[in-house]
Amino acid sequence: MTFMGDRHVQGIAVVTAMLLLVAMAGGPYFVYLVNLSAIYAIAALGLNILTGACGLVSLGHNAFFAIGAYTSAVLTAKLGVPFLVAAPAAGAVTTLVSLFIGMPALRLTGIYLAMATLAVGFVVEEVILQMAGITNGANGMSVPKPLLFGWRVQTDVQFMLLIWPVTAVCFWLGRNMLASRTGRAWRSIRDNELAADALGVSLRRYKLLAFSASGLLAGLAGSLFGHYVGFIAPENFTWFLAIQFLTMIVIGGIGSLWGALIGPAVFIALPELLRGAQDYQLGVFGLLLIIMMILMPTGLVGLRGAIEGRARLRRRTLADQKEG
Amino acid sequence: MLGQQIISGLAVGAVYALVALGFIIIYKATDVVNFAQGEMMMVGTFLCLSLLRFFGGSFLIAVPLTLFAAAVIGITMERFALRPLIGAPLFTIVIITIGLSMVLRSVAGVIWTHDIFPFPAIFSERPMHVFGLVVTPLTLGMVATAGVVMALLYVFFNHTRWGTAMRAASENQTAAILMGISLRRVLTLAWGISAMLAAIAGILVAPMTNVHTNMGLIGIKAFAGAILGGFGSFPGAVAGSLLLGVTENLAAGYLPAGLRDVLPALLILGVLTLRPTGIFGQRVRRRL
Amino acid sequence: MTPASLLTIHDLSAGYGAIRALAGVSLDVPPNRIIAVLGANGAGKTTLLRCISGLVRPTAGRMQFLGQDLARIAPEVIVPLGISHVPERRQVFPSLTVLENLKMGAFTRRDASGITEDLERMFAMFPILRPRARQLAGTLSGGEQQMLAIGRGLMARPQLLMLDEPSLGLAPQIVDEIFRVLGVLADSGLTLMLIEQNAAKALAVAHHVYVLQNGRVALSAPAEGLRGTTRVQAVYLGGGRRARAGEA
C-alpha cells in the first residue's frame, strides 16, 4: 500500500489540512496547542505500542522523551550538529537505550516491570541532573531552532509544517506495524503471554521490538519538543510526565492508533477548558482517568465500538427472548 | 556516629515498612498495586493535623479519630474505584490507583493548600544519651510504634478468624468463597487496614518531613522497600524497608545529594536485575 | 416416588461466554442418599456444582435447596444454608496449616465448642492429619490434601456435601479409603453429591446415578441397575470419550 493511497494517511492529510486552515484562523496560540498535540501524539503512539498493544506497562516513558530532547539539544546547541542529523540521532540514541533497558526487562513481568520502568525514569532524571557539564543540570538549557536547508524554523505555523509530516509518517509506520503480524504478535503477548509463547511467538523478539519502537518514537518526539519550546530542564520530564502520557493513551484508547492522536489532543485541550480551576486540574484528570477506566476502558476510540456493540447485544437479547 | 545513623535509618525504615505493609496487604488481598498509598499517608497526616488543631493538640483524641477517618477514606476508595474492576488487567488497576492519587493530592491541595506545615511530634524530640548514642524519644518511638503495630498485625493475621480468612482469600479466592468468606469484606478490611497503617506512618514521620501535599512521594520509597522484599511477603517488606532506610541514611553521609535521592530507584533496578521477583521472591497465586 | 428432595435442579443452563456448559439439566437429590454425577471431561459436571455453590450464575433454570431458591443467594450465604462444596483438585490453602484450613471450613460458624468438637471428629476420621495439624497444607501429599479438603468441607456441618472428583490423581488405596469414609458419612445421615470420572468407584457407593453429556442428562437411573453393566460406558462412548472404569 502506497503512502498516499493509505486510507489512514489520507485521513491524516485531511485532518492536517483542516487544522492548518483553522489554525490560520485561530491564531498562534491555537497553532501552538495543535503542534504540541502532534508532538505528544508521536510519544503517545510509542507508549501505546509498548503498553497498549504489547501490554508491557511502562511508567518511565518520560525518560525516553527526555533522552531524545537532551540528545538533540546537546548535539545542536553544543556540537553544532544540524537538526536533520541531530533529530534522527536522538531517535537512534533513545532506541539504543530502550533496547539496553528492554533486554534485562524481558525477565520482568507485570508490576515488577512497571516498577523497573518507574525506577529508570527516576535514574534518567538524576543522570541528566548529574551531567550538568553537558546538560546544564537543573538550570536547564536552551535549544536552538532547527535549521533546515538554510531555512530557520521559527513561527508556530512553520513548526506545524515541520511537525505534522513527521507525525503523519510516524503514524503511517505505526499503523503498518500494528496491523501487521507484528501487531498481532504484540496483542497476543498482551492478552496471554504464556499462550503466545506456546504458540511459537518469539517473546524476546517482539518485546524488544516494542521497546525499541516505543523508544524511537519517544526520542523523536522529545527532540521535536525541545526544539519547539526552545528551553528544556529536568523538571519538564519528571514522573508526572510519564503519568501524563499514560493519561493520554487512556483517554484516546489503549492500543489504538487513532487513540494516540485523539488522546493528546483532548489532554491538551482540557486544561484550556479548565483554565479557571487550576487547583482542580490534577483532581479532574485523576477523576477522568478513574471514570474512563471504569466506564470506557477502550477510550474515546472505543466509544463507537461500544455503542455499536451495545446495539448488537440488545438485538441478540431480544432474539434470545423470543426463542424462549 | 555510625550507630546514630543506623538508628535514625531504622526509624525512617520503620515508617517505610508501615506503608509497605499497607501495599502488601492490599496486593495480597486484591492483586492491586496501590499507587495512591503515599497519598493516603499524606491525607491521613493532614487530617491529624487539622484534628490536632481542633482538639488543642491532644494526640489522644486526634489519633483514633484520624485512624477512623483514614479507614473510611480507604474503604470508600475501594468501594467506588476498585471494586467495579475486580479482575481487571494490571494496566487498568495501575491507572485507577494513579488517578486516585491525583484526586487525593488535588483535594488535599484545595482543602489545606500546597504549603508546607510543621507537625508536632507525638514523642519528645529532646535528645537523650543511650549507650553513648544520641537519640531522641521520637526516633525510638518510631521504631517502637512500628514494632507494636507489626506485632498487632501478626496477631491479627495469624490468630483471628478474619485475619486467617484474609490470608486464605489471598491464596485462593474460589476456595475462600466456598468457605463462606465474603470477598467484599476482605477487600474492605484490606483497604481499611492499609489506610490506617499509612496514617500512622504519616503521623510518625511528619515531624521530620513536615506535612505537605507532596509527602506522598515517600510511597515510592516504601514501594522500593516492598520490592526489595519480594512484594508479597510481610517479613520481606519489613526487611527491605529497614534496609532501605538504613542505606539511605548511611549514603547521606558519603554520597552526593542527587545520588541519595535516586538510591531507592537504583536499589529497585539492582534487585530486579539480579532477582526478577525480588529478594524474597513470591508465590504463585490462584485467582477466581 | 422419591422422598421430598433436599436439592432440586430444574432445567439448569449455564455457560462461560460463548461456551454452553449446561444445557437444561434436571436432577433431584433426596436426603440421606449418595448421588453420583458422571460424565466425560467437559460434560458440565463441575459447572453444575459451581452453579449450586454460587460461583457461577446460571443463565436459565431453577435450583432449590430445602425450598430456598439458590439463584438469588450470594455464595457466602450458601454455606450457612447447609451446602458444602469440596472443589476439584482439592484447593486447600497451601500456606495455611492443616488446622487453619479446617478452621476456615468452620468460618461461618460461631459456636466455638461445637467447632472444637468437630475438629476432634475430623482428626478421628482422618487420623493421618492429626500429627500434621500444624503443618502447612501445601506440603501434604495429594491423598492427605484430599482428606483435608473433605474435612474442611465437613467443618461447616453441612446437610449436603458436594465433592468434585475426589479420586482425581490419587493412588487406588487412598481412593478406597476416601470412598470408605464417604460411605460412613452417608450412613451417619449426610447427603452426598459426588462428581466422578471414575465411574466404577462411584457406582459402587452411589444410590442414584446421573450421566451428563454435553451439558445434558443422558442417563438417570438407580445405581444398582447399572453396576456390572456397560450402560454407563455406552453413554461415554456415545459422547466420544471412553470412560476408563477403575482407573484412578
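In this numbering scheme, every chain counts its residues from 1 along its sequence in written order. Working convention: letters from A go to chains and numbers from 1 go to ligands, in the order in which they are written. Side-chain atom pairs in this predicted model are given and counted only at pLDDT of 80 or more, local residue features only at pLDDT of at least 70, and totals for whole chains, interfaces and linings cover all residues.

**Looking at the packing of helix α1 (residues 2-30) of chain B against helix α9 (residues 218-228) of chain B**
Residue and element names in this part refer to chain B.
Turning to step 1, where the next piece is worked out: Two numbers describe how α1 lies on α9: the axes approach to 8 Å, and their chain directions differ by 70 degrees. Between α1 and α9, the angle falls in the class roughly perpendicular. Across the interface between the two elements, Tyr16, Ala17, Val19, Ala20, Phe23 and Ile24 from α1 touch Ile218, Gly219, Lys221, Ala222, Phe223, Gly225 and Ala226 from α9.
Turning to step 2, where the next piece is worked out: Class assignment of the residues belonging to the contact of α1 with α9 gives a composition of 10 nonpolar, two polar and one charged. Helix axes use the C-alpha atoms of the stretch in contact, all axes being lines fitted to C-alpha atoms, and the angles between their N-to-C directions lie in the range 0 to 180 degrees. Starting at the N terminus, helices and strands are each numbered in turn, a helix being any DSSP run of H or I of at least four residues and a strand any DSSP run of E of at least two. Angle categories are assigned with fixed cut-offs, so that under 35 degrees is roughly parallel, over 145 is roughly antiparallel, 65 to 115 is roughly perpendicular, and the rest are oblique. Here the contact rule is simple: place C-beta atoms from the backbone, and any two residues whose C-beta atoms are within 7 Å are in contact. Under this grouping Gly is polar, as are all residues other than the nonpolar Ala, Val, Leu, Ile, Met, Phe, Trp, Tyr, Cys and Pro and the charged Asp, Glu, Lys and Arg.

**Thoughts on the interface of chain A and chain B**
Turning to step 1, where the next piece is worked out: At the junction of the two partners, chain A supplies 34 residues and chain B supplies 34 residues.
Turning to step 2, where the next piece is worked out: The set of elements that each furnish at least two residues to the side of chain A that touches chain B consists of α5 (110-130), α11 (239-252) and α13 (278-295) of chain A.
Turning to step 3, where the next piece is worked out: Considering each element in turn, the side of chain A that touches chain B owes the most residues, 13 residues, to α5(A).

**Regarding the arrangement of the chains**
Turning to step 1, where the next piece is worked out: Taking contact number as the criterion, the leading pair out of two pairs of chains in contact is chains A and B.
Turning to step 2, where the next piece is worked out: One finds no contact between chain A and chain C; the C-alpha atoms of the two approach each other to within 10 Å at their closest.

**Notes on the sheet that holds strand β1 (residues 7-16) of chain C**
All names here are of chain C.
Turning to step 1, where the next piece is worked out: Pairing within the open sheet is antiparallel, and its four strands lie in the order β2-β1-β4-β5. Looking at the sheet topology across the chains shown, the edges are occupied by β2 (19-29) and β5 (68-69).
Turning to step 2, where the next piece is worked out: A strand pair is defined by DSSP finding two or more bridges across the two strands. Relative to β5, strand β4 (residues 60-65) runs antiparallel, the two being bridged by two bridges. Paired with glutamine 64 across the bridge in β5 is aspartate 69.

**So, helix α10 (residues 234-254) of chain B**
All names here are of chain B.
Turning to step 1, where the next piece is worked out: For α10, which comprises 21 residues, the first-to-last C-alpha distance of 30 Å matches the rise-based estimate of 30 Å (1.5 Å per residue) to within 8%.
Turning to step 2, where the next piece is worked out: Turning to α10, its buried residues are Phe234, Gly236, Ala237, Val238, Gly240, Ser241, Leu242, Leu243, Leu244, Gly245, Glu248 and Asn249.
Turning to step 3, where the next piece is worked out: Those residues of α10 that are buried lie in contact with α1, α5 (137-159), α9 and α11 (257-274). Take the residue count of a helix, subtract one, and multiply by 1.5 Å to get its expected span. Here exposure depends only on C-beta density: within 10 Å of a residue's C-beta, 20 or more other C-beta atoms make it buried, 12 or fewer make it exposed, and intermediate numbers make it partly exposed, the C-beta atoms being placed from the backbone.

**A short note on the sheet that holds strand β8 (residues 191-196) of chain C**
All names here are of chain C.
Turning to step 1, where the next piece is worked out: Read across the open sheet, the six strands follow the order β6-β7-β8-β3-β9-β10; overall the sheet is mixed. The outermost strands of the open sheet, each flanked by one partner alone, are β6 (83-86) and β10 (216-222). Across the sheet, the axes of successive neighbouring strands diverge by a mean angle of 15 degrees, strand direction being ignored.
Turning to step 2, where the next piece is worked out: As paired strands, β6 and strand β7 (residues 160-164) are joined by four bridges and run parallel to one another. Bridged to histidine 85 within β7 is methionine 162.
Turning to step 3, where the next piece is worked out: Together, β6 and β7 form the strand contacts of helix α5 (residues 142-154), whose direction differs from that of β6 by roughly 165 degrees.

**Looking at the environment of A:Leu96**
Residues and elements named next belong to chain A.
Turning to step 1, where the next piece is worked out: Examined against the element boundaries, leucine 96 turns out to sit in helix α4 (residues 83-105).
Turning to step 2, where the next piece is worked out: Taking the C-beta count within 10 Å as the criterion, leucine 96 has 15 such neighbours and is therefore assigned partly exposed.
Turning to step 3, where the next piece is worked out: Separated by 148 residues in sequence, leucine 96 and glutamine 244 place their C-alpha atoms 24 Å apart.

**A closer look at the nonpolar core**
Turning to step 1, where the next piece is worked out: In this description, a nonpolar core means buried residues of the types Ala, Val, Leu, Ile, Met, Phe, Trp, Tyr and Cys, linked to one another by C-beta atoms lying within 7 Å. Judged by nonpolar contacts, the single largest core of 280 residues is most densely connected at A:Ala221, B:Val15, B:Val19, B:Ile268 and C:Leu194.
Turning to step 2, where the next piece is worked out: When residues of this core are assigned to their parent elements, the largest contribution, 18 residues, is made by α1(B).
Turning to step 3, where the next piece is worked out: Other than its neighbours up to four places away in sequence, C:Leu194 contacts C:Ile34, C:Ile35, C:Ala36, C:Val37, C:Leu163, C:Ala202 and C:Ala206.

**As for the interface of chain C and chain B**
Turning to step 1, where the next piece is worked out: At the junction of the two partners, chain C supplies 19 residues and chain B supplies 15 residues.
Turning to step 2, where the next piece is worked out: Elements supplying a minimum of two residues to the side of chain C that touches chain B: α2 (75-81) and α3 (98-105) of chain C.
Turning to step 3, where the next piece is worked out: Its residues assigned to classes, the side of chain C that touches chain B comprises 10 nonpolar, six polar and three charged.

**Remarks on the confidence of the model for chain B**
In low-pLDDT segments, the atomic positions of the prediction should not be examined closely.
Turning to step 1, where the next piece is worked out: Note: pLDDT gives the predictor's confidence per residue, expressed from 0 to 100. With 95% of its residues at a pLDDT of at least 70, chain B reaches an overall mean of 86.
Turning to step 2, where the next piece is worked out: Both scores are given for the predicted complex: the pTM is 0.83, the ipTM 0.88.

**Overview of the packing of helix α2 (residues 37-54) of chain B against α9(B)**
Residues and elements named next belong to chain B.
Turning to step 1, where the next piece is worked out: In contact at an axis separation of 7 Å, α2 and α9 are set at 130 degrees when each is read in the N-to-C sense. Classified by the interaxial angle, the pair formed by α2 and α9 is oblique. Every pair of crossing elements has a handedness; the one defined by α2 and α9 is right-handed. Across the interface between the two elements, Gln37, Gly38 and Met41 of α2 pack against Ile218, Gly219, Ile220 and Ala222 of α9.
Turning to step 2, where the next piece is worked out: Here the contact of α2 with α9 is built from residues that sort into four nonpolar, three polar and no charged. By definition, turning the near helix anticlockwise from the far helix through less than a right angle yields a left-handed crossing, and turning it clockwise yields a right-handed one.

**Things to note about unusual backbone geometry**
Residues and elements named next belong to chain C.
Turning to step 1, where the next piece is worked out: Phi is positive for aspartate 11, close to 55 degrees, though the residue is something other than glycine.
Turning to step 2, where the next piece is worked out: Despite not being glycine, arginine 89 shows a phi value in the positive range, around 60 degrees.
Turning to step 3, where the next piece is worked out: When you line up the elements, arginine 89 lands in the loop between β6 and α3.
Turning to step 4, where the next piece is worked out: The exposure class of arginine 89 is partly exposed, given the 14 C-beta atoms found within 10 Å.

**Details of the environment of C:Cys51**
All names here are of chain C.
Turning to step 1, where the next piece is worked out: Along the chain, the position of cysteine 51 falls in helix α1 (residues 45-52).
Turning to step 2, where the next piece is worked out: C-alpha separation for the pair cysteine 51 and leucine 12, spaced 39 residues apart in sequence, amounts to 8.9 Å.
Turning to step 3, where the next piece is worked out: Contact partners of cysteine 51, with chain neighbours within four places excluded, come to Leu12, Ala14, Val56, Pro58 and Met63.

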